[in-house]
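Here are the chains, one letter per residue:
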Amino acid sequence: MMYPDLSIKIRNGIIVTSIGIFGIISTALLGVFYAPGVDPIAWNAPEAQRIFYWHVPFAWSSFMAFSMLFIGALSWYRNRSEWGWRWVSTGSDLGLLFGAGVVTSGPIWGSVEWGVPWDWGDLRLNTFALLTGVALFLVLSRRSQPDGQETRDTLAAIGLFGFALVPITAIATTLYQKRHPGIVVVDGEGAGLDPMMRAVLMFGTISFMVLFIGLSMLSDSLLRLEDRVEQAKRRLDEVNQ
Amino acid sequence: MIESLIGILPITSGQVKWISNDGEPLIVRDHLGTRRKPLPFGLTLQSDGICGEEKVRERLEIALKVSGLNLNQDEIITALDEWGLSHRSEDRVSQLSAGLRRRLAVLSGMAPALFCETPRMIFLDEPSEGLDSFSRGVLKSWICELSEKGNAAVIATHDEEIMSYSTRIVRVESGKISETSNSIGKQEFKERKFSTEKSSQTISSFFSWGLSIESRNPIDTIGKATPAILALLLSYSIVGRTNAMNSDYELFSALILAPAFISAVVSPAMILRLSEQDCGKWWSAICGPQIRPATSVLAASIILPIPLTYLSWFVLEGSISGNIDQGTIYWLWLPSLVIMDISCAATALHLLVSDLRRSSAAVASLLLVVLIWPFIQLVDALSMILDTGMTWDLSTSSPLMSLIFASIISLMVWAVAIFIPDA
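Residues numbered from 1 in each chain as written. Chains lettered and ligands numbered in written order. Predicted model: local features only at pLDDT ≥ 70, side-chain atom pairs only at ≥ 80, totals over all residues.

### Some thoughts on the domain arrangement of chain B
Residues and elements named next belong to chain B.
Right, on to step 1. Each domain of chain B was delimited in the assignment, giving domain 1 (37-181) and domain 2 (202-419).
Right, on to step 2. Here domain 1 and domain 2 have C-alpha centroids that lie 40 Å from each other.
Right, on to step 3. Residues that form the side of domain 1 that touches domain 2 fall into these classes: seven nonpolar, three polar and five charged. (Domains from an automatic or database assignment. Nonpolar A, V, L, I, M, F, W, Y, C, P; charged D, E, K, R; others polar.)

### Structural notes on the nonpolar core
Right, on to step 1. Within the largest apolar cluster, 175 residues are counted, with the highest numbers of intra-cluster contacts made by Phe261, Ala345, Leu349, Leu371, Val413 and Ala417 of chain B.
Right, on to step 2. Considering every element that reaches this core, the biggest residue donor is helix H2 (residues 52-79) of chain A, with 13 residues.
Right, on to step 3. Here this core gathers at least three residues from each of two domains, domain 1 (37-181) and domain 2 (202-419) of chain B.
Right, on to step 4. Those residues in contact with alanine 345 of chain B, other than ones at most four positions away along the chain, are Leu371, Ser410, Val413, Trp414 and Ala417 of chain B. (Core = buried A, V, L, I, M, F, W, Y, C linked by C-beta atoms within 7 Å. Buried ≥ 20, exposed ≤ 12 C-beta atoms within 10 Å, placed from the backbone. Helix = DSSP H or I, 4+ residues; strand = E, 2+ residues; numbered from the N terminus. Contact = placed C-beta atoms within 7 Å.)

### With respect to the interface of chain A and chain B
Right, on to step 1. Listed as interface residues are 30 residues of chain A and, on the opposing side, 28 residues of chain B.
Right, on to step 2. Residue assignment for the side of chain A that touches chain B shows that the elements contributing at least two residues are helix H4 (123-144) and helix H5 (149-179) of chain A.
Right, on to step 3. With 18 residues, the top contributor of residues to the side of chain A that touches chain B is H5 of chain A.
Right, on to step 4. Of the residues that constitute the side of chain A that touches chain B, the class distribution is 18 nonpolar, seven polar and five charged.

### Quick look at the pairing of strand S2 (residues 25-30) of chain B
Residues and elements named next belong to chain B.
Right, on to step 1. When strand S1 (residues 15-19) meets S2, the two strands line up antiparallel, connected through five bridges. In the strand pairing of S2, isoleucine 19 is matched with proline 25.
Right, on to step 2. Counted along the chain from S1 to the antiparallel partner S2, the turn is five residues long, and its residue glycine 23 has a positive phi close to 85°. (Pairing = 2+ DSSP bridges.)

### Concerning the confidence of the model for chain A
Residue and element names in this part refer to chain A.
Right, on to step 1. Per-chain confidence: chain A averages 85 in pLDDT, with 93% of residues scoring 70 or above.
Right, on to step 2. At the low end of the mean pLDDT range in chain A sits H5, at 84; at the high end sits helix H1 (residues 7-34), at 92.
Right, on to step 3. In the model, residues 184-188 has pLDDT below 50 throughout and makes three contacts with residues more than four positions away in sequence or in other chains. (pLDDT = per-residue confidence, 0-100.)

Structure (structure tokens):
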């Protein structure tokens with residue numbers, strides 16, 4: 001059986017990932033040394049605010065990864081398409097990576113700015129935490145379960161379940177906020193940003209996107225190669241029977 | 001193949017269509033995910049499909065009952081006697097040897113057709129595997145009798161002797177299908193008394209089966225109560241001193257409700273029972289897609305939340321100071337009722353995870369995190385009741401509304417976990 005050559009895609013993936021890593025390291029350096037600080041009177045922990053140059057891009061990238069997971073799960077569920085399953089795999093891996101970034105950087109920032117690491121009234125934090133939990137479940141289960149249609153069906157169903165959690169979390173958080181007025185620091189991240197801060201944030205967001213694309217390319221190539229190895233092993237099983 | 005034909009295994013292409021005796025087609029399963037409950041049939045799975053807690057007689061009764069048949073005790077014993085099992089009729093299946101258990105599984109799979117006047121389908125997966133020569137003789141005789149009376153038996157087997165008793169042999173070898181016909185000589189069979197046919201009672205039989213084996217060995221109840229009691233004792237040892245919580249109604253409410261909540265989210269033993277010898281697969285085949293919502297209710301913590309919440313109240317009551325509403329005790333059952341909803345949602349999530357082939361290697365608790373939301377709503381509701389008493393107004397900040405929202409959130413999680421896998 002002839003397979004398409006993946007070496008160019010892998011090489012490009014490595015280049016794009018390297019650019020992304022360089023970009024996010026540069027973002028951290030720019031955020032600490034170049035971007036101006038925020039008003040020390042309006043903010044409880046003005047220096048800690050610099051974490052948002054990673055926190056916000058982490059959130060955007062994980063949003064893209066979770067969308068990939070959702071589209072892949074839907075496609076697998078409807079058509080049993082191989083690309084759909086690869087998207088579930090890549091989306092869950094990257095969703096875990098970037099989602100963990102959101103739910104780690106968020107509480108670090110929150111604990112010094114709000115005085116509490118977690119706010120049950122923050123929709124985004126709670127949604128990302130639940131979706132990251134689902135992504136972790138999928139990553140662990142994909143490794144521990146024998147691959148097959150039944151397993152893929154169940155994991156795709158759990159991927160879709162993760163997305164159904166988004167409106168449920170939205171309702172729950174809104175209700176919680178009605179009883180416990182939320183901790184308001186600013187109206188929204190990026191609102192009324194200094195142009196230099198906005199530039200660093202944009203640079204960070206683009207860098208994380210590039211990293212996301214590079215990792216997606218590598219992950220997709222890896223999954224294709226794993227599939228080829230599995231098929232080769234099956235052929236060997238038949239020969240050895 | 002058998003599991004695809006009875007609708008429990010998803011298929012990648014085509015459809016499984018059953019034709020009723022009236023000629024009506026029924027699509028049991030198709031590649032788009034459609035799944036419907038098949039017509040009454042008999043089933044013997046390769047791994048028996050019987051839970052060890054069941055009694056021998058009870059198993060045969062259930063197999064007939066889910067098929068809409070009802071034999072009296074003498075007829076049940078006579079059927080068991082044909083397979084050399086009558087002296088074991090009151091024994092639990094776990095006490096049988098593998099060979100005897102196999103006899104029971106095969107008997108239970110064939111009986112729904114043998115004791116029914118109208119022709120039926122039966123499915124036997126490797127029926128002769130593990131049977132001794134006596135039982136193989138009975139099996140061959142029953143196959144011939146079923147065939148003679150117009151029933152259809154689909155048998156998956158590697159046993160050439162069993163194949164020789166089949167009228168149509170389909171071989172699947174190296175991805176190729178070939179078919180041959182076979183003729184069986186006419187034989188004489190003893191007269192049988194047929195059972196009167198009623199509508200099949202699959203879900204009610206499943207509930208009575210679940211309650212019966214739980215009352216025989218209450219591991220589900222004890223397994224859920226133990227961590228709840230431990231949580232209560234732990235709470236008491238930390239805050240059980242007089243006035244330790246200084247009017248912190250929310251903390252007090254959380255501690256009161258925590259044991260019942262813990263009992264609600266613990267993995268139910270029923271799921272382990274259903275995985276024993278593929279017992280869940282047998283029930284899934286018989287009940288069709290309704291098995292998932294039925295199991296989520298049957299295996300949920302229904303009995304424990306109310307007594308656990310009252311127990312928590314009596315144990316921890318002395319640890320709160322301030323003017324708590326004295327009528328609170330009359331309303332503790334309300335959040336407990338919602339915890340039953342939470343338990344159904346948690347069970348639905350455990351069921352979703354149990355679909356995985358190595359479910360014990362999956363971290364179900366990661367999916368249960370969402371249930372923190374209804375718990376927070378319940379804590380809010382109880383703290384409001386403690387503070388101002390129970391009110392019936394429906395504003396968003398009333399205890400009743402918090403209880404309703406907690407229930408709705410649980411219901412949404414339950415619905416998503418139940419309906420997505422079979423959608």
